[in-house]
Structures are given as structure tokens and as C-alpha cells.
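# Fold and geometry: a report
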Amino acid sequence: MIRDFDGKTAVLTGAGSGFGLECARIAAARGMHLVLVDVQQDALERAAAELQPQLAARGRQLLAQRVDVSDAAAMQALAQQVQQALGAPHFVFNNAGVSAAGLVWENTPQEWAWVMGVNLMGVVHGVHSFTPMMLQAARQDPAWRGHIVNTASMAGLLTPPNMGLYNVSKHAVVALTETLYQDLRLVTEQIGASVLCPYFVPTGIADSGRNRPQALAGQALTASQRVGQAMGKKAVQSGKVSAADVAHMVFDAIAQDRFYIYSHPQALGPVQTRLEDIMQQRNPSDPFAHKPEVGEQLRQQLRQ
């Protein structure tokens, strides 16, 4: 756990907007050095311009780097740059992510490569690149503390229909982070891990197609993908919990060494139902049992 953030270093991917930017704002207010990482140059520049004066006034450093987290070599180069400039980071937020929708058989191999590359391999690369230097810092100083937070989703604990690709990527992040927690406990008590599982929170993820790779630019969306995107965007935009609220939850979890971070704990009922399905060997329950009208609307749209 980290209780005093002043003078420590945070590395945040997806820092140009959403949870990444809000966590960067809190980190800056608490006196941390910041490493902002995003694939979207203009958003990254706006975040850096906003935070630089506050950091400079406190004698803190800011490093802003455009990096595609799905690129292993680029992430390794980033880690080396951070090590040379600021030393081992105390807080690593593997947060960059993109959305995906549609019937699972309609996602092309290129879409699978993009979404898994960002949502899963981006986290893998962050863990691979930064954990060893954090462990080294911990070995050199018994008082050193670090924490890794990986962004998954409630979709990492559930299997809602018409968004299978996204579900798979986020389930993998939950499994990766749970294992990371256990692996770290084998070798040190000085570095913690948490998984962030937000529900519907207004962020830019519903518009992540803006960063769609060139290879997918000309690929037309299927009917199910269009329907899924529209429903997802509406749900995200209607969220009452803000990205800033979630960012405070992240810092509270780090200070308390708490693993699971939920933006909407009241949404855990369907998770319990899914686990009971598994334990009792039942067929998967209707995901729209609590809102049958939504399920009927989706069925009608997809059967037209």
C-alpha cells in the first residue's frame, strides 16, 4: 500500500482522457511526478499542458509520451526512459483500452488483434516492462512501496451478449491481475496490485473507434456492431458515477491495499448469479432478467 504519494512517480496509460486523466489530476495534486502515456497525440498534449504548471510549481517532473501500448518494444523503451529520468515508478496504471461490440462470430481477426492488443497485451506489456524495476527498487529499500492497477471492466466478470470480443479481453485482464497479485505475494510484500472493474461511466471509450488502426479504417461495421455501439454509447453516457469519482476510488484502494475496485458495487448481483450458474452447473442465466425490455429490443433489432 502507498499512503504518502508526495514525491513518488506515477505512470499512467490512457492518460489523455477518462480514468487516466482523472488519476493524473489526483496524482499531480498529491505531489507525484507524472509519466503520461496515450496513443492520441492531441489529447496527450492537452493533458500535459493542463498539468505542467501545477507540477512545475511543486518541483515535480512531467514526461508525456505518445505510445501504442500494444507495441511491446515501444513499452519497453518507455520503461527504460522512465527508469533513467525518474527511477522505478511507484504507481503504474495500465489503463488504456478500447471498446468493441457485435456478435462474436462477426468480429474479424483484425478486430481481435486490435482489441486484444490494446486491452490485454497493453496490460501485459505494462506489467512486463515495469514490474522488474519495481521489484529491484523494493529489494534495495525495505521502505519502498509500489502498486500496479490494471483496468478491466464489469464485463471482465460477466458475459453480456453482443460484446464478446470486449468481454474476452477484460476477463483476461481480471485473470492476469489476480495472478499478478498472487505472484507478487510470493516474492514481496512491498508491491500491491488491484483490478479496476468499472460499469457504465461517462468516458471516451464509447468513441474509441477514433483510434482505430488504419488497417480497419475501411472495414464496414455489421448490423450487430452498429446496434451494440449505439446501446453501449447510450449506457456509458447515462452513467451517474463520474470518471473523477472512479479515480478517487483507485487512490483509496491503493492506500488500503484493496484488490477489487468497483465503480458500482450494486451491480455485483449478476456476478453472483453467474458464479452460482457455474457452481450449480446451470445454463447461463438471462442477462436481461432485470431489464427484459432491453433484451427484447436487442433481439428484435438483431432478428430483423
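Predicted model, so just to flag it, every value in this text is computed and none were measured.

## Some points on the overall build of the protein
The helix and strand inventory of the protein stands at 10 helices and seven strands. Computed over its C-alpha atoms, the radius of gyration of the protein comes to 19 Å, within 12% of the 19 Å expected for a compact globule of 304 residues. Taking the principal axes of its C-alpha atoms as reference, the protein extends roughly 60 × 45 × 35 Å. Looking at the 304 residues of the protein, the share that counts as buried comes to 49%.

## Focus: the domain arrangement of the protein
Segmentation of the protein into domains returns domain 1 (9-266) and domain 2 (269-303). Distance between the C-alpha centres of domain 1 and domain 2: 28 Å. Tallying the contact residues gives 12 residues for domain 1 and 10 residues for domain 2. Summed over both partners, the interface of domain 1 with domain 2 comes to about 890 Å²; 78% of that surface belongs to carbon and sulfur atoms. Contact with domain 2 buries surface across domain 1, with L158, P161 and M231 losing the most and accounting together for 43% of the total. Run the count over domain 1 and domain 2 and you get zero salt bridges. Run the count over domain 1 and domain 2 and you get one residue pair in polar contact (both at pLDDT 80 or more). For the side of domain 1 that touches domain 2, the element with the highest residue contribution is helix α7 (residues 223-237), accounting for three residues. Of the residues belonging to the side of domain 1 that touches domain 2, the class tally is seven nonpolar, five polar and no charged.

## Considering helix α8 (residues 243-256)
Relative to the 20 Å expected for 14 residues at 1.5 Å per residue, α8 spans 20 Å between its end C-alpha atoms, a close match to the ideal helical length. Lining the buried residues of α8 we find α1 (18-29), β4 (91-94), β5 (146-151), β6 (191-197) and β7 (260-262). Two residues or fewer past α8, D257 is found with a positive phi of approximately 55 degrees.

## Observations regarding the packing of aromatic side chains
Scanning all chains against the criterion turns up seven aromatic pairs. Plain terms: the ring middles of F91 and F93 are 5.8 Å apart, the flat faces sit at 25 degrees to each other, and that makes the pair stacked. Both rings, one in Y260 and one in Y262, keep their centres 6.0 Å apart while their planes meet at 5 degrees; by these two values the pair is stacked. With relative accessibility at 22%, the residue Y262 sits in the partly exposed group. Put simply, the rings of F5, F91, F93 and F251 touch in pairs and so form one group of aromatic residues.

## With respect to unusual backbone geometry
Phi angles above zero are rare outside glycine, and N162 is one such case at about 65 degrees. Note that N162 resides in the loop between β5 and α6 (164-187). Residue classification places N162 among the buried positions, given a relative accessible area of 10%. Notably, Q281 is not glycine yet its phi reads approximately 55 degrees, a positive angle. Its location among the elements puts Q281 in the loop between α9 (269-279) and α10 (292-303).

## Some thoughts on the pattern of salt bridges
By the definition in use, this model includes nine salt bridges. Residue R185 is joined to D257 by a salt bridge in which the shortest nitrogen-to-oxygen separation is 3.0 Å. With R185 in helix α6 and D257 in the loop between α8 and β7, this residue pair connects regions lying 72 residues apart in the sequence. According to the relative accessible area criterion, R185 is partly exposed, its value standing at 22%. The network of salt bridges with common partners includes D6, R58 and R60.

## Some points on the sheet that holds strand β2 (residues 33-38)
Here seven strands make up an open sheet; going across it, the order is β3-β2-β1-β4-β5-β6-β7 and the pairing parallel. Of all the strands in the sheet, just β3 (62-66) and β7 have a single pairing partner and so form its edges. Between one strand axis and the next, the sheet turns by 15 degrees as a mean value, whatever way the strands run. Inspection of the sheet shows β5 paired to β6 by six bridges, in the parallel sense. The residue bridging G146 from the neighbouring strand is I191, located in β6.

Here is what the cut-offs are and how they apply
Residues numbered from 1 in each chain as written. Predicted model: local features only at pLDDT ≥ 70, side-chain atom pairs only at ≥ 80, totals over all residues. Heavy atoms only, no water. Helix = DSSP H or I, 4+ residues; strand = E, 2+ residues; numbered from the N terminus. Rg over C-alpha atoms; globule rule 2.2 N^0.38 Å. Buried < 20%, exposed > 50% of the residue type's maximum accessible area, 1.4 Å probe, protein only. Domains from an automatic or database assignment. Contact = heavy atoms within 4.5 Å. Buried area = accessible area lost by both parts, 1.4 Å probe. Salt bridge = Lys/Arg side-chain N within 4 Å of Asp/Glu carboxyl O. Polar contact = N/O pair within 3.5 Å; in protein donor to acceptor, adjacent residues only side chain to side chain. Nonpolar A, V, L, I, M, F, W, Y, C, P; charged D, E, K, R; others polar. Expected span 1.5 Å × (residues − 1). Phe/Tyr/Trp six-rings, centres within 6.5 Å; stacked < 30°, edge-to-face > 60°. Pairing = 2+ DSSP bridges. Axes fitted to C-alpha atoms, helices over the stretch in contact; angles between N-to-C directions.

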